[in-house]
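Coordinate analysis (summary)
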Amino acid sequence: MVQKRNSLRIIGGIWRSRRIQFADTPQIRPTPDRVRETLFNWLAERINGAHCLDLFAGSGALGFEAASRGAAHVVQVDSNASVVSMLAEQKRSLEAWQVDIVQQDAQDYLSQAANPFDIVFLDPPFRADLLQQVLPVLLARRLVCPSGLVYIESPAHTAVHCPDSLHRIREKTASQVRHELYEWQP
């Protein structure tokens, strides 16, 4: 069966207005243009040269946007083989050599990761309770640099319970999505 492809555009940076393709799978819910624009305005002073983790990569929108805007290194993690294949195709198309793509379960990746990240994007499928599973591991393993940022996307009607060491610095709701930016103070 051939999967239908969807596309979205990169908002800013070196690949501004370029379109990236992503597989039509039920788990993928790309971050809308308006939300990405707001997020990357929040990150404007911190994205250049940053090491980023896009833990539930899906469409790749957050990771490729980060790379487009000057992130030094981006790791995109997803467990779905067809999603990872599409991410790899987009990486080649953009010549995004600063992006690494990993096919692995989020928990497994976190249990093996060695280096901390400046910015972590957490935008898991909404139907699963994955945030409450990965946040403690991410912080316990110190995979966020001190004063590093954690971006969380969740359903607007669902409260995300974050450890006290994560301090919310920005929050906004757009349609049915809450997007929040936290700074980690270990």
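Note: the structure precedes this text.
Now for a description of the structure that goes with this document. Keep in mind that what you see is a predicted model, and the values were worked out from it rather than measured. (Residues numbered from 1 in each chain as written. Predicted model: local features only at pLDDT ≥ 70, side-chain atom pairs only at ≥ 80, totals over all residues. Heavy atoms only, no water.)

Think of two packed helices as two axes; the pair is described by the angle between the axes and how far apart they sit. The N-to-C vectors of helix α1 (residues 33-42) and helix α2 (residues 61-68) enclose an angle of 45°; their axes lie 11 Å apart at closest approach. Viewed along their axes, α1 and α2 adopt a mutual orientation that is oblique. When the axes of α1 and α2 are compared, the crossing they make is right-handed. Contacts from Arg36, Leu39 and Phe40 of α1 reach α2 at Ala61, Leu62, Glu65 and Ala66. (Axes fitted to C-alpha atoms, helices over the stretch in contact; angles between N-to-C directions. Helix = DSSP H or I, 4+ residues; strand = E, 2+ residues; numbered from the N terminus. Parallel < 35°, antiparallel > 145°, perpendicular 65-115°, else oblique. Left-handed = near helix turned anticlockwise from the far one by under 90°. Contact = heavy atoms within 4.5 Å.)

Turning our attention to the nonpolar core. Ranked by size, the top nonpolar core spans 32 residues in total, and within it Leu43, Cys52 and Phe121 carry the most contacts. Breaking this core down by element, the ones donating at least two residues are β2 (19-23), α1, α2, α3 (81-94), β6 (117-122) and β7 (144-155). For this core, the leading source of residues is α2, giving five residues. With sequence-adjacent residues up to four places away left out, cysteine 52 is seen in contact with Ile47, Ala66, Ala71, His73, Val74, Val75, Phe117, Ile119 and Phe121. Core analysis: the next-biggest nonpolar cluster, separate from the first, contains 25 residues, Leu110, Phe117, Ile152 and Tyr182 among them. (Core = buried A, V, L, I, M, F, W, Y, C linked by side-chain atoms within 4.5 Å. Buried < 20%, exposed > 50% of the residue type's maximum accessible area, 1.4 Å probe, protein only.)

Moving on, we get to the packing of aromatic side chains. In this structure the tally under the stated criterion is two aromatic pairs. Judged by centre distance (6.0 Å) and plane angle (40°), the ring pair of phenylalanine 40 and phenylalanine 121 falls under tilted. With phenylalanine 40 in helix α1 and phenylalanine 121 in strand β6, this residue pair connects regions lying 81 residues apart in the sequence. Overall, phenylalanine 40 belongs to the buried group, its relative accessible area being 1%. Taken together, the ring pairs connect Phe40, Phe121 and Tyr151 into an aromatic cluster. (Phe/Tyr/Trp six-rings, centres within 6.5 Å; stacked < 30°, edge-to-face > 60°.)

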